[in-house]
Amino acid sequence: MLATFLILLSKILFAGPDGRELYEEHCSVCHQTKGWGGIGLPLKVKHIQVFSDDYLEKTIRLGRPGRVMPAFDALGDAQVKALVSYVRSLGGKDAIDFPTTHIVGDIEAGKTLFSENCAVCHGKDRAISAQGTGVTLSRERDFSVIPPSLLNTGFLQSASDHMIRYIVVNGVEATAMPAFGKNQILTKQQIDNVVSYLRSQEKVLLTKEKASIKVGASVVFKSEYDFKTTIANIKESISGANFRSFPDRYLEQGLVEEIAINKKQVGIRFCNFESLYKMLNLDPRLGVVLPCRLTVVERDDGEVYVYAINVKVVSQLFNNEELSRFGEKMEEIQMTIIDEAVL
Amino acid sequence: VKKLFIVFLLMASNAYAENILMARSQQNFTNTIIAAKQKIEEYGYTVSHIQKCDGGMHGVGYKTDGYKVLFFGKLDEVKKISKLHPEMIPFIPLKMAIIAEGNETLISIINPLELERLIGHNKMHTQFQRWESDFRSILAELRALEKE
(Lines give C-alpha, C1' and ligand atoms only; values in the text may rest on other atoms or scores of the structure.)
Protein backbone atom coordinates (compact mmCIF):
# COMPACT_ATOMS: atom_id res chain seq x y z
CA MET A 1 0.00 0.00 0.00
CA LEU A 2 2.71 2.45 1.05
CA ALA A 3 4.85 1.47 -1.94
CA THR A 4 1.92 2.12 -4.29
CA PHE A 5 1.35 5.49 -2.69
CA LEU A 6 5.04 6.42 -2.98
CA ILE A 7 5.12 5.40 -6.64
CA LEU A 8 1.96 7.44 -7.27
CA LEU A 9 3.38 10.42 -5.37
CA SER A 10 6.70 10.31 -7.22
CA LYS A 11 4.84 10.19 -10.54
CA ILE A 12 2.89 13.27 -9.53
CA LEU A 13 5.93 15.08 -8.18
CA PHE A 14 8.14 14.46 -11.17
CA ALA A 15 5.54 14.60 -13.93
CA GLY A 16 5.39 17.91 -15.80
CA PRO A 17 2.18 19.88 -16.04
CA ASP A 18 -0.40 18.42 -18.40
CA GLY A 19 -0.73 20.80 -21.37
CA ARG A 20 -4.05 19.38 -22.42
CA GLU A 21 -5.58 19.82 -18.97
CA LEU A 22 -4.25 23.37 -18.78
CA TYR A 23 -5.59 24.09 -22.27
CA GLU A 24 -9.02 22.77 -21.34
CA GLU A 25 -9.04 24.81 -18.16
CA HIS A 26 -7.77 28.12 -19.48
CA CYS A 27 -7.98 28.22 -23.27
CA SER A 28 -10.72 25.97 -24.64
CA VAL A 29 -13.45 28.28 -23.48
CA CYS A 30 -12.41 30.84 -26.10
CA HIS A 31 -10.29 28.88 -28.59
CA GLN A 32 -12.60 25.82 -28.59
CA THR A 33 -11.73 22.33 -27.40
CA LYS A 34 -9.87 21.31 -30.56
CA GLY A 35 -8.43 24.73 -31.34
CA TRP A 36 -10.94 25.68 -34.02
CA GLY A 37 -11.55 29.07 -32.46
CA GLY A 38 -14.59 30.73 -30.95
CA ILE A 39 -14.32 33.98 -29.01
CA GLY A 40 -10.61 33.55 -29.58
CA LEU A 41 -8.69 32.83 -32.76
CA PRO A 42 -8.33 29.33 -34.17
CA LEU A 43 -4.97 27.99 -33.00
CA LYS A 44 -4.48 25.05 -35.30
CA VAL A 45 -4.13 27.10 -38.48
CA LYS A 46 -0.73 27.19 -40.20
CA HIS A 47 0.05 30.88 -39.74
CA ILE A 48 -0.35 30.66 -35.97
CA GLN A 49 1.48 27.37 -35.73
CA VAL A 50 4.64 28.72 -37.40
CA PHE A 51 5.05 31.42 -34.77
CA SER A 52 7.89 30.72 -32.38
CA ASP A 53 7.43 29.17 -28.95
CA ASP A 54 8.77 32.39 -27.47
CA TYR A 55 5.98 34.38 -29.15
CA LEU A 56 3.31 31.96 -27.94
CA GLU A 57 4.73 31.89 -24.40
CA LYS A 58 4.82 35.68 -24.16
CA THR A 59 1.34 35.93 -25.64
CA ILE A 60 -0.01 33.62 -22.92
CA ARG A 61 1.79 35.59 -20.22
CA LEU A 62 0.99 39.10 -21.43
CA GLY A 63 -2.35 38.65 -23.17
CA ARG A 64 -3.59 41.47 -25.34
CA PRO A 65 -4.50 44.56 -23.30
CA GLY A 66 -7.61 46.09 -24.77
CA ARG A 67 -8.76 42.76 -26.20
CA VAL A 68 -10.46 39.67 -24.80
CA MET A 69 -7.25 37.65 -24.37
CA PRO A 70 -6.25 37.90 -20.69
CA ALA A 71 -2.72 37.84 -19.29
CA PHE A 72 -2.15 34.47 -17.62
CA ASP A 73 0.62 35.99 -15.56
CA ALA A 74 0.32 33.59 -12.64
CA LEU A 75 1.06 30.47 -14.66
CA GLY A 76 4.47 28.96 -13.95
CA ASP A 77 7.14 28.53 -16.64
CA ALA A 78 6.54 24.79 -16.87
CA GLN A 79 2.81 25.31 -17.23
CA VAL A 80 3.24 27.86 -20.02
CA LYS A 81 5.66 25.58 -21.85
CA ALA A 82 3.25 22.65 -21.48
CA LEU A 83 0.47 24.81 -22.88
CA VAL A 84 2.56 25.91 -25.86
CA SER A 85 3.54 22.34 -26.54
CA TYR A 86 -0.10 21.28 -26.49
CA VAL A 87 -1.18 24.18 -28.71
CA ARG A 88 1.52 23.19 -31.18
CA SER A 89 0.29 19.60 -31.17
CA LEU A 90 -3.13 20.84 -32.34
CA GLY A 91 -1.71 21.84 -35.71
CA GLY A 92 1.48 19.85 -35.88
CA LYS A 93 3.46 22.47 -37.82
CA ASP A 94 7.08 23.37 -37.07
CA ALA A 95 7.80 26.80 -35.63
CA ILE A 96 10.14 29.25 -37.32
CA ASP A 97 13.02 30.44 -35.17
CA PHE A 98 13.17 34.17 -35.75
CA PRO A 99 16.35 36.11 -34.83
CA THR A 100 15.90 38.30 -31.78
CA THR A 101 17.99 41.23 -33.04
CA HIS A 102 16.32 44.57 -33.67
CA ILE A 103 15.69 45.88 -37.16
CA VAL A 104 16.78 49.44 -37.78
CA GLY A 105 14.69 51.67 -40.01
CA ASP A 106 13.32 55.19 -40.37
CA ILE A 107 10.63 55.54 -37.69
CA GLU A 108 8.95 58.63 -39.17
CA ALA A 109 8.81 57.10 -42.65
CA GLY A 110 7.47 53.92 -41.05
CA LYS A 111 4.70 55.86 -39.35
CA THR A 112 3.50 57.26 -42.67
CA LEU A 113 3.74 53.86 -44.35
CA PHE A 114 1.81 52.25 -41.48
CA SER A 115 -0.91 54.85 -41.78
CA GLU A 116 -1.15 54.38 -45.55
CA ASN A 117 -0.92 50.59 -45.76
CA CYS A 118 -1.74 48.98 -42.42
CA ALA A 119 -4.02 51.14 -40.30
CA VAL A 120 -7.09 50.42 -42.42
CA CYS A 121 -7.16 46.85 -41.08
CA HIS A 122 -5.02 46.98 -37.97
CA GLY A 123 -6.27 50.27 -36.52
CA LYS A 124 -4.53 53.55 -35.89
CA ASP A 125 -4.04 53.00 -32.20
CA ARG A 126 -4.83 50.14 -29.86
CA ALA A 127 -8.31 50.05 -31.33
CA ILE A 128 -9.26 47.66 -34.07
CA SER A 129 -11.06 48.75 -37.18
CA ALA A 130 -13.76 46.13 -37.47
CA GLN A 131 -16.65 46.42 -35.05
CA GLY A 132 -16.76 43.82 -32.35
CA THR A 133 -14.21 41.49 -33.83
CA GLY A 134 -12.81 38.70 -31.75
CA VAL A 135 -15.87 37.79 -29.77
CA THR A 136 -18.48 35.08 -29.97
CA LEU A 137 -21.64 36.70 -31.19
CA SER A 138 -20.18 38.80 -33.96
CA ARG A 139 -17.09 36.98 -35.14
CA GLU A 140 -17.40 35.84 -38.73
CA ARG A 141 -16.41 32.20 -38.54
CA ASP A 142 -15.60 32.15 -42.26
CA PHE A 143 -12.51 34.23 -41.53
CA SER A 144 -9.74 32.27 -39.94
CA VAL A 145 -8.27 35.33 -38.26
CA ILE A 146 -9.20 38.91 -37.62
CA PRO A 147 -6.66 41.69 -38.25
CA PRO A 148 -4.94 41.99 -34.88
CA SER A 149 -4.19 45.30 -33.27
CA LEU A 150 -0.46 45.72 -33.89
CA LEU A 151 -0.12 48.78 -31.69
CA ASN A 152 -0.79 46.65 -28.67
CA THR A 153 1.72 46.18 -25.87
CA GLY A 154 0.95 42.46 -25.58
CA PHE A 155 1.66 41.94 -29.26
CA LEU A 156 4.72 44.18 -29.39
CA GLN A 157 6.31 42.56 -26.35
CA SER A 158 5.64 39.09 -27.77
CA ALA A 159 6.59 39.47 -31.42
CA SER A 160 10.20 39.94 -32.47
CA ASP A 161 11.09 42.46 -35.18
CA HIS A 162 12.00 39.61 -37.51
CA MET A 163 8.69 37.86 -36.96
CA ILE A 164 6.81 41.05 -37.84
CA ARG A 165 9.00 41.51 -40.93
CA TYR A 166 8.35 37.88 -41.97
CA ILE A 167 4.59 38.41 -41.81
CA VAL A 168 4.72 41.70 -43.72
CA VAL A 169 6.96 40.18 -46.41
CA ASN A 170 5.03 36.93 -46.82
CA GLY A 171 1.49 37.90 -45.87
CA VAL A 172 -0.84 35.44 -44.20
CA GLU A 173 -2.42 32.68 -46.28
CA ALA A 174 -6.21 32.51 -46.45
CA THR A 175 -6.62 35.94 -44.86
CA ALA A 176 -6.81 39.49 -46.16
CA MET A 177 -3.16 40.12 -45.20
CA PRO A 178 -1.22 40.57 -48.47
CA ALA A 179 2.41 39.63 -49.02
CA PHE A 180 3.77 43.19 -49.06
CA GLY A 181 7.32 42.03 -49.79
CA LYS A 182 6.73 39.11 -52.14
CA ASN A 183 4.23 41.11 -54.18
CA GLN A 184 6.56 44.13 -54.22
CA ILE A 185 3.97 46.42 -52.65
CA LEU A 186 6.67 47.68 -50.30
CA THR A 187 10.45 47.54 -50.61
CA LYS A 188 12.62 45.80 -48.03
CA GLN A 189 13.65 49.20 -46.64
CA GLN A 190 10.04 50.37 -46.38
CA ILE A 191 9.09 47.19 -44.52
CA ASP A 192 11.98 47.75 -42.10
CA ASN A 193 10.72 51.30 -41.57
CA VAL A 194 7.27 49.98 -40.63
CA VAL A 195 8.79 47.43 -38.23
CA SER A 196 10.90 50.17 -36.60
CA TYR A 197 7.87 52.39 -36.19
CA LEU A 198 5.90 49.60 -34.50
CA ARG A 199 8.79 48.82 -32.18
CA SER A 200 9.17 52.52 -31.28
CA GLN A 201 5.59 52.51 -29.98
CA GLU A 202 6.10 49.73 -27.43
CA LYS A 203 7.40 51.95 -24.61
CA VAL A 204 5.01 54.80 -25.41
CA LEU A 205 2.01 52.48 -25.15
CA LEU A 206 3.25 50.76 -21.99
CA THR A 207 3.55 54.12 -20.22
CA LYS A 208 0.04 55.12 -21.30
CA GLU A 209 -1.38 51.80 -20.15
CA LYS A 210 0.10 52.04 -16.66
CA ALA A 211 -1.34 55.53 -16.24
CA SER A 212 -4.85 54.45 -17.20
CA ILE A 213 -5.75 51.93 -14.45
CA LYS A 214 -8.81 53.13 -12.52
CA VAL A 215 -10.37 51.95 -9.26
CA GLY A 216 -13.70 52.58 -7.54
CA ALA A 217 -16.05 49.91 -8.90
CA SER A 218 -19.24 51.47 -7.60
CA VAL A 219 -20.75 54.90 -7.13
CA VAL A 220 -22.82 56.02 -4.15
CA PHE A 221 -25.17 58.99 -3.99
CA LYS A 222 -27.07 60.32 -0.99
CA SER A 223 -30.60 61.27 -1.95
CA GLU A 224 -32.24 64.48 -0.81
CA TYR A 225 -35.62 62.75 -1.03
CA ASP A 226 -37.31 59.99 0.93
CA PHE A 227 -37.19 56.34 -0.18
CA LYS A 228 -40.44 56.32 -2.21
CA THR A 229 -39.80 59.67 -3.87
CA THR A 230 -36.26 58.69 -4.81
CA ILE A 231 -37.56 55.52 -6.49
CA ALA A 232 -40.25 57.46 -8.35
CA ASN A 233 -37.70 60.08 -9.46
CA ILE A 234 -35.31 57.42 -10.76
CA LYS A 235 -38.06 55.72 -12.75
CA GLU A 236 -39.07 59.02 -14.32
CA SER A 237 -35.48 59.81 -15.14
CA ILE A 238 -34.90 56.34 -16.65
CA SER A 239 -37.94 56.73 -18.85
CA GLY A 240 -36.71 60.15 -19.98
CA ALA A 241 -33.38 58.63 -20.99
CA ASN A 242 -35.10 56.16 -23.35
CA PHE A 243 -34.59 53.05 -21.28
CA ARG A 244 -37.13 50.33 -20.76
CA SER A 245 -37.86 49.55 -17.10
CA PHE A 246 -38.41 46.12 -15.61
CA PRO A 247 -40.19 45.12 -12.43
CA ASP A 248 -38.21 46.14 -9.36
CA ARG A 249 -36.46 43.44 -7.36
CA TYR A 250 -35.54 43.58 -3.73
CA LEU A 251 -31.92 42.77 -2.99
CA GLU A 252 -32.92 39.77 -0.92
CA GLN A 253 -35.72 38.63 -3.24
CA GLY A 254 -35.50 34.92 -4.06
CA LEU A 255 -33.08 34.30 -1.21
CA VAL A 256 -35.64 34.34 1.57
CA GLU A 257 -39.39 34.01 1.98
CA GLU A 258 -41.33 37.02 0.73
CA ILE A 259 -42.49 38.02 4.21
CA ALA A 260 -38.94 38.27 5.59
CA ILE A 261 -37.45 40.38 2.78
CA ASN A 262 -35.90 43.72 3.64
CA LYS A 263 -38.09 45.98 1.50
CA LYS A 264 -35.89 49.03 2.03
CA GLN A 265 -33.31 47.74 -0.48
CA VAL A 266 -34.75 47.79 -3.96
CA GLY A 267 -33.09 47.37 -7.33
CA ILE A 268 -34.54 49.43 -10.18
CA ARG A 269 -33.73 47.63 -13.38
CA PHE A 270 -33.69 49.10 -16.84
CA CYS A 271 -32.35 48.33 -20.27
CA ASN A 272 -31.88 49.72 -23.73
CA PHE A 273 -31.90 46.58 -25.86
CA GLU A 274 -30.14 48.26 -28.77
CA SER A 275 -27.21 49.22 -26.52
CA LEU A 276 -27.25 45.83 -24.78
CA TYR A 277 -27.15 44.06 -28.13
CA LYS A 278 -24.22 46.18 -29.29
CA MET A 279 -22.35 45.61 -26.04
CA LEU A 280 -22.97 41.85 -26.06
CA ASN A 281 -21.59 41.79 -29.57
CA LEU A 282 -18.44 43.39 -28.26
CA ASP A 283 -18.17 40.93 -25.42
CA PRO A 284 -20.85 38.38 -24.62
CA ARG A 285 -19.55 38.00 -21.08
CA LEU A 286 -21.04 41.36 -20.14
CA GLY A 287 -23.77 39.46 -18.30
CA VAL A 288 -21.38 38.91 -15.40
CA VAL A 289 -22.02 42.51 -14.38
CA LEU A 290 -25.24 43.64 -16.13
CA PRO A 291 -24.73 47.26 -15.12
CA CYS A 292 -28.24 48.62 -15.68
CA ARG A 293 -29.50 48.52 -12.12
CA LEU A 294 -29.73 51.29 -9.57
CA THR A 295 -30.26 50.14 -6.01
CA VAL A 296 -32.06 52.43 -3.61
CA VAL A 297 -31.46 51.76 0.07
CA GLU A 298 -33.00 53.33 3.13
CA ARG A 299 -30.56 52.86 5.98
CA ASP A 300 -31.52 52.32 9.62
CA ASP A 301 -31.08 56.06 10.30
CA GLY A 302 -33.63 56.88 7.58
CA GLU A 303 -31.11 58.27 5.08
CA VAL A 304 -31.58 57.21 1.48
CA TYR A 305 -28.72 56.23 -0.80
CA VAL A 306 -28.47 55.15 -4.43
CA TYR A 307 -25.83 52.61 -5.47
CA ALA A 308 -24.68 51.80 -8.98
CA ILE A 309 -21.86 50.05 -10.75
CA ASN A 310 -19.21 52.44 -12.00
CA VAL A 311 -19.47 51.24 -15.58
CA LYS A 312 -16.33 53.08 -16.68
CA VAL A 313 -14.18 51.31 -14.06
CA VAL A 314 -15.79 47.88 -14.29
CA SER A 315 -15.57 47.80 -18.09
CA GLN A 316 -11.79 47.40 -17.59
CA LEU A 317 -12.53 43.79 -16.65
CA PHE A 318 -13.42 43.01 -20.24
CA ASN A 319 -10.12 44.11 -21.65
CA ASN A 320 -11.88 45.53 -24.69
CA GLU A 321 -11.33 49.11 -25.78
CA GLU A 322 -14.57 49.38 -27.71
CA LEU A 323 -16.54 48.15 -24.73
CA SER A 324 -14.72 50.63 -22.49
CA ARG A 325 -15.83 53.45 -24.77
CA PHE A 326 -19.41 52.22 -24.49
CA GLY A 327 -18.85 51.99 -20.74
CA GLU A 328 -17.88 55.66 -20.59
CA LYS A 329 -21.05 56.66 -22.46
CA MET A 330 -23.17 54.46 -20.20
CA GLU A 331 -21.54 55.98 -17.14
CA GLU A 332 -22.44 59.49 -18.30
CA ILE A 333 -26.06 58.48 -18.93
CA GLN A 334 -26.29 56.71 -15.58
CA MET A 335 -24.86 59.74 -13.75
CA THR A 336 -27.41 62.00 -15.40
CA ILE A 337 -30.24 59.66 -14.36
CA ILE A 338 -29.02 59.59 -10.75
CA ASP A 339 -28.34 63.33 -10.60
CA GLU A 340 -31.86 64.09 -11.79
CA ALA A 341 -33.33 61.72 -9.25
CA VAL A 342 -31.48 62.55 -6.07
CA LEU A 343 -30.67 66.28 -6.22
CA VAL B 1 -4.02 7.71 0.27
CA LYS B 2 -7.00 9.25 -1.50
CA LYS B 3 -7.17 12.07 1.05
CA LEU B 4 -3.44 12.76 0.77
CA PHE B 5 -3.75 12.79 -3.00
CA ILE B 6 -6.59 15.34 -2.85
CA VAL B 7 -4.65 17.51 -0.39
CA PHE B 8 -1.66 17.39 -2.72
CA LEU B 9 -3.73 18.41 -5.71
CA LEU B 10 -5.26 21.31 -3.78
CA MET B 11 -1.82 22.49 -2.69
CA ALA B 12 -0.58 22.29 -6.25
CA SER B 13 -3.35 24.48 -7.65
CA ASN B 14 -2.56 28.11 -8.35
CA ALA B 15 -4.63 31.26 -8.16
CA TYR B 16 -4.72 32.78 -11.64
CA ALA B 17 -5.47 36.38 -12.23
CA GLU B 18 -8.01 36.22 -15.03
CA ASN B 19 -10.48 39.11 -14.85
CA ILE B 20 -13.37 36.86 -15.71
CA LEU B 21 -13.45 33.18 -14.83
CA MET B 22 -14.75 31.03 -17.64
CA ALA B 23 -15.56 27.47 -18.51
CA ARG B 24 -16.81 25.61 -21.56
CA SER B 25 -19.43 22.97 -20.92
CA GLN B 26 -19.83 20.20 -23.47
CA GLN B 27 -23.49 20.08 -22.61
CA ASN B 28 -26.11 22.11 -24.46
CA PHE B 29 -27.48 25.40 -23.19
CA THR B 30 -30.54 24.06 -21.35
CA ASN B 31 -28.70 21.23 -19.64
CA THR B 32 -25.87 23.58 -18.63
CA ILE B 33 -28.31 25.96 -16.97
CA ILE B 34 -29.83 23.09 -15.02
CA ALA B 35 -26.38 21.79 -14.05
CA ALA B 36 -25.12 25.27 -13.10
CA LYS B 37 -28.12 25.87 -10.88
CA GLN B 38 -27.57 22.51 -9.21
CA LYS B 39 -23.83 23.09 -8.67
CA ILE B 40 -24.39 26.60 -7.29
CA GLU B 41 -26.86 25.17 -4.80
CA GLU B 42 -24.49 22.35 -3.86
CA TYR B 43 -22.05 25.04 -2.74
CA GLY B 44 -24.63 26.52 -0.40
CA TYR B 45 -25.89 29.40 -2.54
CA THR B 46 -29.48 30.03 -3.60
CA VAL B 47 -30.33 30.94 -7.19
CA SER B 48 -32.62 33.89 -6.67
CA HIS B 49 -33.48 34.73 -10.24
CA ILE B 50 -32.74 33.83 -13.85
CA GLN B 51 -32.69 36.76 -16.26
CA LYS B 52 -33.55 35.82 -19.85
CA CYS B 53 -31.45 38.34 -21.78
CA ASP B 54 -32.02 36.39 -25.01
CA GLY B 55 -35.80 36.52 -24.58
CA GLY B 56 -35.69 40.27 -24.00
CA MET B 57 -33.63 40.88 -27.11
CA HIS B 58 -35.70 38.52 -29.27
CA GLY B 59 -38.76 40.37 -28.07
CA VAL B 60 -37.54 43.60 -29.69
CA GLY B 61 -36.24 41.98 -32.86
CA TYR B 62 -32.58 41.22 -32.10
CA LYS B 63 -31.21 37.80 -33.00
CA THR B 64 -29.01 36.18 -30.40
CA ASP B 65 -27.89 32.79 -29.23
CA GLY B 66 -29.20 31.49 -25.91
CA TYR B 67 -28.16 33.91 -23.18
CA LYS B 68 -29.23 33.85 -19.57
CA VAL B 69 -27.87 35.25 -16.34
CA LEU B 70 -28.20 33.36 -13.06
CA PHE B 71 -28.38 35.54 -9.94
CA PHE B 72 -27.36 33.79 -6.76
CA GLY B 73 -26.20 34.41 -3.23
CA LYS B 74 -26.40 33.52 0.43
CA LEU B 75 -28.86 35.48 2.51
CA ASP B 76 -26.47 35.95 5.43
CA GLU B 77 -23.76 37.26 3.10
CA VAL B 78 -26.14 39.65 1.37
CA LYS B 79 -27.33 41.01 4.73
CA LYS B 80 -23.80 41.37 6.09
CA ILE B 81 -22.30 42.93 2.95
CA SER B 82 -25.14 45.38 2.39
CA LYS B 83 -24.73 46.61 5.96
CA LEU B 84 -20.95 46.66 6.33
CA HIS B 85 -19.80 47.20 2.74
CA PRO B 86 -22.66 48.92 0.91
CA GLU B 87 -20.30 49.85 -1.94
CA MET B 88 -20.65 46.17 -2.92
CA ILE B 89 -24.45 46.37 -3.24
CA PRO B 90 -24.38 46.78 -7.05
CA PHE B 91 -22.57 43.43 -7.30
CA ILE B 92 -24.96 41.38 -5.20
CA PRO B 93 -26.61 38.97 -5.76
CA LEU B 94 -23.70 37.44 -7.67
CA LYS B 95 -24.11 36.80 -11.38
CA MET B 96 -23.18 33.97 -13.70
CA ALA B 97 -23.63 34.47 -17.46
CA ILE B 98 -24.52 31.40 -19.50
CA ILE B 99 -24.01 31.70 -23.23
CA ALA B 100 -24.87 29.15 -25.93
CA GLU B 101 -22.17 28.44 -28.48
CA GLY B 102 -23.45 25.83 -30.92
CA ASN B 103 -24.01 22.56 -29.07
CA GLU B 104 -21.72 23.67 -26.28
CA THR B 105 -22.13 26.35 -23.66
CA LEU B 106 -19.88 29.02 -22.15
CA ILE B 107 -20.14 29.97 -18.53
CA SER B 108 -18.55 33.12 -17.17
CA ILE B 109 -18.39 34.83 -13.84
CA ILE B 110 -16.46 37.83 -12.55
CA ASN B 111 -13.21 36.90 -10.76
CA PRO B 112 -13.86 38.10 -7.19
CA LEU B 113 -10.17 38.88 -6.67
CA GLU B 114 -10.21 41.20 -9.67
CA LEU B 115 -13.41 42.79 -8.39
CA GLU B 116 -11.64 43.35 -5.09
CA ARG B 117 -8.86 45.16 -6.95
CA LEU B 118 -11.40 47.45 -8.62
CA ILE B 119 -13.29 48.05 -5.39
CA GLY B 120 -10.00 49.45 -4.14
CA HIS B 121 -9.74 48.02 -0.61
CA ASN B 122 -9.10 44.63 0.98
CA LYS B 123 -11.51 44.77 3.89
CA MET B 124 -13.45 41.85 2.43
CA HIS B 125 -10.48 39.81 1.33
CA THR B 126 -11.54 36.59 3.05
CA GLN B 127 -14.99 36.83 1.50
CA PHE B 128 -13.55 37.44 -1.99
CA GLN B 129 -11.15 34.51 -1.54
CA ARG B 130 -13.99 32.20 -0.52
CA TRP B 131 -16.06 33.25 -3.53
CA GLU B 132 -13.10 32.78 -5.85
CA SER B 133 -12.47 29.29 -4.52
CA ASP B 134 -16.17 28.35 -4.82
CA PHE B 135 -16.48 29.76 -8.34
CA ARG B 136 -13.39 27.95 -9.57
CA SER B 137 -14.71 24.69 -8.14
CA ILE B 138 -18.17 25.19 -9.63
CA LEU B 139 -16.67 25.99 -13.03
CA ALA B 140 -14.33 22.99 -12.84
CA GLU B 141 -17.29 20.73 -12.16
CA LEU B 142 -19.28 22.21 -15.05
CA ARG B 143 -16.25 21.87 -17.32
CA ALA B 144 -15.99 18.19 -16.40
CA LEU B 145 -19.57 17.35 -17.40
CA GLU B 146 -19.63 14.74 -20.11
CA LYS B 147 -21.37 15.37 -23.43
CA GLU B 148 -24.95 14.15 -23.03
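Residues numbered from 1 in each chain as written. Chains lettered and ligands numbered in written order. Predicted model: local features only at pLDDT ≥ 70, side-chain atom pairs only at ≥ 80, totals over all residues. Heavy atoms only, no water.

Visitor: Got a sec to walk through empty space enclosed by the protein? Specific residues and values, please.
Guide: The full count for this structure, using the stated rule, is four cavities of 30 Å³ or more. Taken together, V68, P70, R285, L317, F318 and N319 of chain A together with E18, N19, I20 and M22 of chain B make up the lining of the largest cavity. (1 Å grid on protein atoms, 1.4 Å probe; cavity = no way out; pocket = protein on both sides within 12 Å on 5 of 7 lines; lining within 4 Å. Points joined across faces, edges and corners; volume = space filled by probe spheres on them.)

Visitor: Help me get a handle on the interface of chain B and chain A, residues and values and all.
Guide: Across the boundary between the two partners, chain B contributes 59 residues, which contact 66 residues of chain A. The interface formed by chain B and chain A contains two salt bridges. When the shortest N-O distance is used, the salt bridge between D300 of chain A and K83 of chain B registers 2.9 Å. Where chain B meets chain A, there are 18 residue pairs in polar contact (both at pLDDT 80 or more). Of the residues that constitute the side of chain B that touches chain A, the class distribution is 34 nonpolar, twelve polar and 13 charged. (Contact = heavy atoms within 4.5 Å. Salt bridge = Lys/Arg side-chain N within 4 Å of Asp/Glu carboxyl O. Polar contact = N/O pair within 3.5 Å; in protein donor to acceptor, adjacent residues only side chain to side chain. Nonpolar A, V, L, I, M, F, W, Y, C, P; charged D, E, K, R; others polar.)

Visitor: Describe the pairing of strand β5 (residues 304-309) of chain A, listing the residues and the values that go with them.
Guide: Residues and elements named next belong to chain A. In terms of residue burial, β5 counts as a mostly covered element, since six of its six residues are buried. Every second residue of β5 is oriented toward a common face, with V304, V306 and A308 on one face and Y305, Y307 and I309 on the other, all of them buried. The pairing of strand β1 (residues 218-222) with β5 spans five bridges and is classified as antiparallel. For K222, the partnering residue across the bridge sits in β5 and is Y305. Strand direction decides the pairing type here: strand β4 (residues 293-298) and β5, joined by four bridges, are antiparallel. (Buried < 20%, exposed > 50% of the residue type's maximum accessible area, 1.4 Å probe, protein only. Helix = DSSP H or I, 4+ residues; strand = E, 2+ residues; numbered from the N terminus. Pairing = 2+ DSSP bridges.)

Visitor: How would you explain the pattern of salt bridges if you had to name every residue and give the values?
Guide: All names here are of chain B. Going through the model one piece at a time under the given rule, you end up with 22 salt bridges over all chains. A salt bridge links K39 to E141; the nearest nitrogen and oxygen atoms lie 3.4 Å apart. Taken together, the residues K39 in helix α2 (residues 29-42) and E141 in helix α6 (residues 125-143) connect sequence positions 102 residues apart. Since its relative accessible area comes to 27%, E141 is described here as partly exposed. Two residues, E114 and R117, come together in a salt bridge whose shortest N-O distance is 3.0 Å. Here E114 and its partner R117 are both found in helix α5 (residues 112-119), three residues apart, which amounts to about one turn of the helix.

Visitor: Tell me about the nonpolar core, and please be specific about residues and values.
Guide: Counting 93 residues, the largest nonpolar core has V296 of chain A together with F72, M88, M96 and W131 of chain B as the members making the most contacts within it. By size, the runner-up hydrophobic cluster in this structure holds 45 residues, among which are Y23, V50, F155 and F180 of chain A. (Core = buried A, V, L, I, M, F, W, Y, C linked by side-chain atoms within 4.5 Å.)

Visitor: Which residues make up the sheet that holds β4 of chain A, and what values go with them?
Guide: Residues and elements named next belong to chain A. Reading across the sheet, the five strands line up as β1-β5-β4-β3-β2 and stay open at both edges, with antiparallel pairing between neighbours. The open sheet has two free edges, formed respectively by β1 and β2 (244-250), since each of these has just one partner strand. Strand-to-strand twist across the sheet, computed as the mean angle between neighbouring axes with direction ignored, equals 20°. Taken strand by strand, helix α12 (residues 227-240) contacts β2, β3 (265-271), β4 and β5, and its axis lies near 5° from that of β3. (Axes fitted to C-alpha atoms, helices over the stretch in contact; angles between N-to-C directions.)

Visitor: Any details on the side chain of S160 of chain A? Residues and values, ideally.
Guide: Mapping S160 of chain A onto the fold places it in the loop between α9 (153-158) and α10 (161-170). Classification of S160 of chain A by relative accessible area gives buried; the value is 19%.

Visitor: Which residues make up the packing of helix α13 (residues 273-282) of chain A against helix α15 (residues 321-342) of chain A, and what values do they have?
Guide: Residue and element names in this part refer to chain A. Packing of α13 against α15 leaves a shortest axis separation of 9 Å and a crossing angle of 150°. On the basis of their axis angle, the class for α13 and α15 is roughly antiparallel. The two elements α13 and α15 meet at a crossing, and its hand is left-handed. Listed contacts from α15 to K278, M279 and L282 of α13 are E322, L323, F326 and M330. (Parallel < 35°, antiparallel > 145°, perpendicular 65-115°, else oblique. Left-handed = near helix turned anticlockwise from the far one by under 90°.)

Visitor: Any details on the state of the cysteines? Residues and values, ideally.
Guide: Scanning the entire structure with this criterion turns up zero disulfides over all chains. Here C27 of chain A stays unpaired: no disulfide links it, and the sulfur of C30 of chain A, its closest cysteine neighbor, is 8.8 Å away. (Disulfide = S-S within 2.5 Å.)

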